[in-house]
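# Per-entry structural report
In case you want the letters, here they are:
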Amino acid sequence: QVQLVESGGGLVQAGGSLRLSCAASGRTFVSYAMGWFRQAPGKEREFVAAFSWSGGNTYYTDSVKGRFTISRDNAKNTVYLQMNSLKPEDTAVYYCAARSKGNVHYELRSYAYWGQGTQVTVSS
């Protein structure tokens, strides 16, 4: 059983930065690739960023390219999402998730394990 716990959300003004963390249980990074999704009020959950299964590549949705960076610390079993130049439209609950090999990185159904989410609110 994989457990994921997000932290680091909060309220920030437009143009500001936040770093989200996702602590994973056990040797999650050995067996799974990690990704970040978000869900704004009244909208569907959407892909934000992810690692390839090998960990050598990263993927981002167009709206966050150049502003967000996904990274990880294997020794700490933690994956991060550094968010810079935040915009009000980035306001959402952010989730980290883990998927098995062979699944598409941007599809929700690819991810078997999810954290509880952390709220990010960007004020204008």
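A short tour of the structure in this document, coming up. (Residues numbered from 1 in each chain as written. Predicted model: local features only at pLDDT ≥ 70, side-chain atom pairs only at ≥ 80, totals over all residues. Heavy atoms only, no water.)

## Looking at the sheet that holds strand E7 (residues 68-73)
- Within the open sheet, the 4 strands sit side by side as E1-E3-E8-E7. Their pairing is antiparallel. Single-partner strands in this sheet number two, and they are strand E1 (4-7) and E7. Mean inter-strand twist for the sheet, computed between neighbouring axes without regard to direction, equals 15 degrees.
- Here 6 bridges tie strand E3 (residues 18-24) to strand E8 (residues 78-83), and the two strands are oriented antiparallel to one another. The residue of E8 that forms the bridge with Cys22 is Val79. (Pairing = 2+ DSSP bridges. Helix = DSSP H or I, 4+ residues; strand = E, 2+ residues; numbered from the N terminus. Axes fitted to C-alpha atoms, helices over the stretch in contact; angles between N-to-C directions.)

## Some words on the state of the cysteines
- Under the criterion given, the structure shown has 1 disulfide.
- The side chain of Cys22 participates in a disulfide bridge whose partner is Cys96; the two sulfur atoms lie 1.9 Å from each other. Since a negative S-S torsion denotes a left-handed disulfide, the Cys22-Cys96 link at about 50 degrees is right-handed. A residue pair is termed long-range when its members are at least 10 positions apart, and Cys22 in strand E3 and Cys96 in strand E9 (residues 92-99) qualify at 74 residues. For the pair shown, Cys22 and Cys96 are each scored as buried. (Disulfide = S-S within 2.5 Å. Buried < 20%, exposed > 50% of the residue type's maximum accessible area, 1.4 Å probe, protein only.)

## Concerning the packing of aromatic side chains
- Counted according to the given criterion, the structure contains 6 aromatic pairs.
- Ring centres of Tyr32 and Tyr113 lie 5.5 Å apart, and the angle between their planes is 85 degrees; this geometry places the pair in the edge-to-face category. Here Tyr113 lies in strand E10 (residues 111-114) and Tyr32 lies in the loop between helix H1 (28-31) and strand E4 (33-39), a separation of 81 residues in the sequence.
- Plain terms: the ring middles of Tyr95 and Trp114 are 6.4 Å apart, the flat faces sit at 80 degrees to each other, and that makes the pair edge-to-face. Within this pair, whereas Tyr95 is found in strand E9, its partner Trp114 is found in strand E10, the two being separated by 19 residues in sequence. (Phe/Tyr/Trp six-rings, centres within 6.5 Å; stacked < 30°, edge-to-face > 60°.)

## Quick look at the pattern of salt bridges
- A complete count under the given rule lists 5 salt bridges for this structure.
- With a shortest N-O distance of 3.0 Å, Lys65 and Asp62 are connected by a salt bridge.
- For Lys65, a relative accessible area of 49% translates into the label partly exposed.
- Taken together, the shared-partner salt bridges in this structure form one network comprising Arg38, Glu46, Arg67 and Asp90. (Salt bridge = Lys/Arg side-chain N within 4 Å of Asp/Glu carboxyl O.)

## Comments concerning the nonpolar core
- Among the nonpolar cores identified, the biggest contains 27 residues, and Trp36, Leu81, Met83 and Tyr94 are the most heavily contacted of them.
- Discounting chain neighbours no more than four positions away, the residues touching Met83 are Gly16, Ser17, Leu18, Leu20, Arg67, Phe68, Tyr94 and Val120. (Core = buried A, V, L, I, M, F, W, Y, C linked by side-chain atoms within 4.5 Å. Contact = heavy atoms within 4.5 Å.)

## Some remarks on the side chain of Arg99
- Within the secondary structure layout, Arg99 lies in strand E9.
- Glu107 provides the closest opposite charge to the buried, unpaired Arg99, separated from it by 9.5 Å.
- Among the polar contacts listed, one links the side chain of Arg99 to the backbone oxygen of Phe51, at a separation of 2.7 Å.
- In this structure the side chain of Arg99 is engaged in a polar contact, spanning 3.3 Å, whose partner is the backbone oxygen of Asn103.
- Arg99 has contacts with Ser31, Tyr32, Ala33, Met34, Ala50, Phe51, Ser52, Trp53, Val104, His105, Ser110 and Tyr111, leaving out every residue within four places of it along the chain. (Lys, Arg positive; Asp, Glu negative; His and termini not counted. Polar contact = N/O pair within 3.5 Å; in protein donor to acceptor, adjacent residues only side chain to side chain.)

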